[in-house]
Amino acid sequence: MLNGKYAIAMMGSLLADPGRAAILMALLEDRSLSAGELARVAGVSAQSASAHLAKLSSGGLVQVRSEGRCRYYRLRDAKVAFALEALGAISTVRTAKPEVLPRADAQMMLVRSCYDHMAGRIAVMLTRHMEEERLITAENRRDYRVTTQGKEWFAGFGIDVNELRSSRRAFARRCLDWTERQPHLAGAVGSALMKHFLDEGWLAWMRETRALRVTERGMKCFAKLGLQYEMSV
């Protein structure tokens, strides 16, 4: 773990290398990946990936588990994911002129996974909808509070808010969205909501990316929630 008077500077040096940054962004998908897989994603040699992973591990940003001869890496916890998403939001500047994005980038901006919860335009709009309907309210700069009305709304999706509150992780966290620069819902509640959308076929995973695809069923269901936005990319 990093320590010392200026630990933030040492953390910055860990993130400064493009290869290490690419590895961390790949791990935002909240799944374990091997060093070989991460090397391909980051576009570096296996030797370089191993060196990067050793630094990220000693710096407390990733954790590793061994299965036989294989070693698998993942982010240390959700706090690291929140920090990476927030850093993305302050390190990219929107141009005044609209950009024509490649399809893959546009899909990533529309909806993606951020560790174990939804991020992107749809996630931000859904969070704003929940705030406007008083299903959740900002409790402080870091957290949301689920209202009584909100508990009933989540129960309609089969999500028991009281049960989630008893878990050891953050309950309903405000996570600054990297592309939208507004908060989306994270924590145990956000994770349960994304799981429901995946289980019910509103969203589907896309291969080799953390971008998610909105299905035809999802388009209809999100529209019923009152979300009005362009679904195609």
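Residues numbered from 1 in each chain as written. Predicted model: local features only at pLDDT ≥ 70, side-chain atom pairs only at ≥ 80, totals over all residues. Heavy atoms only, no water.

(A) Representation of the side chain of histidine 52. Secondary-structure assignment places histidine 52 in helix H4 (residues 46-58). Here aspartate 17 takes part through its side chain, which lies 3.4 Å from a polar atom of the side chain of histidine 52. Those residues in contact with histidine 52 that lie beyond four places of it in its chain are Asp17, Gly19, Arg20 and Ile23. (Helix = DSSP H or I, 4+ residues; strand = E, 2+ residues; numbered from the N terminus. Polar contact = N/O pair within 3.5 Å; in protein donor to acceptor, adjacent residues only side chain to side chain. Contact = heavy atoms within 4.5 Å.)

(B) Molecular detail of the environment of leucine 56. In this structure, leucine 56 sits in helix H4. A relative accessible area of 0% places leucine 56 in the buried class. Along the primary structure leucine 56 and leucine 14 are separated by 42 residues, whereas in three dimensions their C-alpha atoms are 6.9 Å apart. (Buried < 20%, exposed > 50% of the residue type's maximum accessible area, 1.4 Å probe, protein only.)

(C) Spotlight on the pattern of salt bridges. For the structure shown, the criterion picks out seven salt bridges. Here arginine 112 ties to aspartate 177 by a salt bridge, and the two come within 3.3 Å at their closest N and O atoms. In this pair, arginine 112 sits in strand E4 (residues 112-114) while aspartate 177 sits in the loop between strand E8 (173-176) and strand E9 (183-186), placing the two residues 65 residues apart along the sequence. Its salt-bridge partner being arginine 169, residue aspartate 116 comes within 2.5 Å of it at the nearest N-O pair. (Salt bridge = Lys/Arg side-chain N within 4 Å of Asp/Glu carboxyl O.)

(D) Layout of the packing of aromatic side chains. Summed over all chains, the structure comprises seven aromatic pairs. Taking 4.8 Å as the distance between ring centres and 80 degrees as the angle between the ring planes, the aromatic pair formed by tryptophan 153 and phenylalanine 157 counts as edge-to-face. Residue tryptophan 153 is classed as buried on the basis of its relative accessible area of 19%. With a centroid separation of 6.1 Å and an interplanar angle of 85 degrees, the aromatic rings of phenylalanine 157 and phenylalanine 197 are classed as edge-to-face. Of this pair, phenylalanine 157 sits in the loop between helix H8 (148-155) and helix H9 (161-165) while phenylalanine 197 sits in helix H10 (residues 187-199); the two residues are 40 residues apart in sequence, bridging distant segments of the chain. When its relative accessible area of 15% is taken as the criterion, phenylalanine 157 is described as buried. Taken together, the ring pairs connect Trp153, Phe154, Phe157, Phe197, Trp202 and Phe222 into an aromatic cluster. (Phe/Tyr/Trp six-rings, centres within 6.5 Å; stacked < 30°, edge-to-face > 60°.)

(E) Unusual backbone geometry, seen in detail. We note that tyrosine 115 has phi near 65 degrees; this positive angle belongs to a residue other than glycine. Its relative accessible area of 12% is what places tyrosine 115 among the buried residues. Positive phi, normally seen in glycine, also occurs at arginine 134, with a value near 60 degrees. Checked against the element boundaries, arginine 134 lands in the loop between helix H7 (121-132) and strand E6 (136-138).

(F) Highlighting empty space enclosed by the protein. One pass over the structure, following the stated rule, counts one cavity of 30 Å³ or more. Within this model, the largest cavity holds a volume of roughly 70 Å³. Met118, Ala123, Leu126, Thr127, Met130, His184, Leu185, Gly190, Leu193 and Met194 together form the lining of the largest cavity. For the lining of the largest cavity, the secondary structure elements donating two or more residues are H7, E9 and H10. (1 Å grid on protein atoms, 1.4 Å probe; cavity = no way out; pocket = protein on both sides within 12 Å on 5 of 7 lines; lining within 4 Å. Points joined across faces, edges and corners; volume = space filled by probe spheres on them.)

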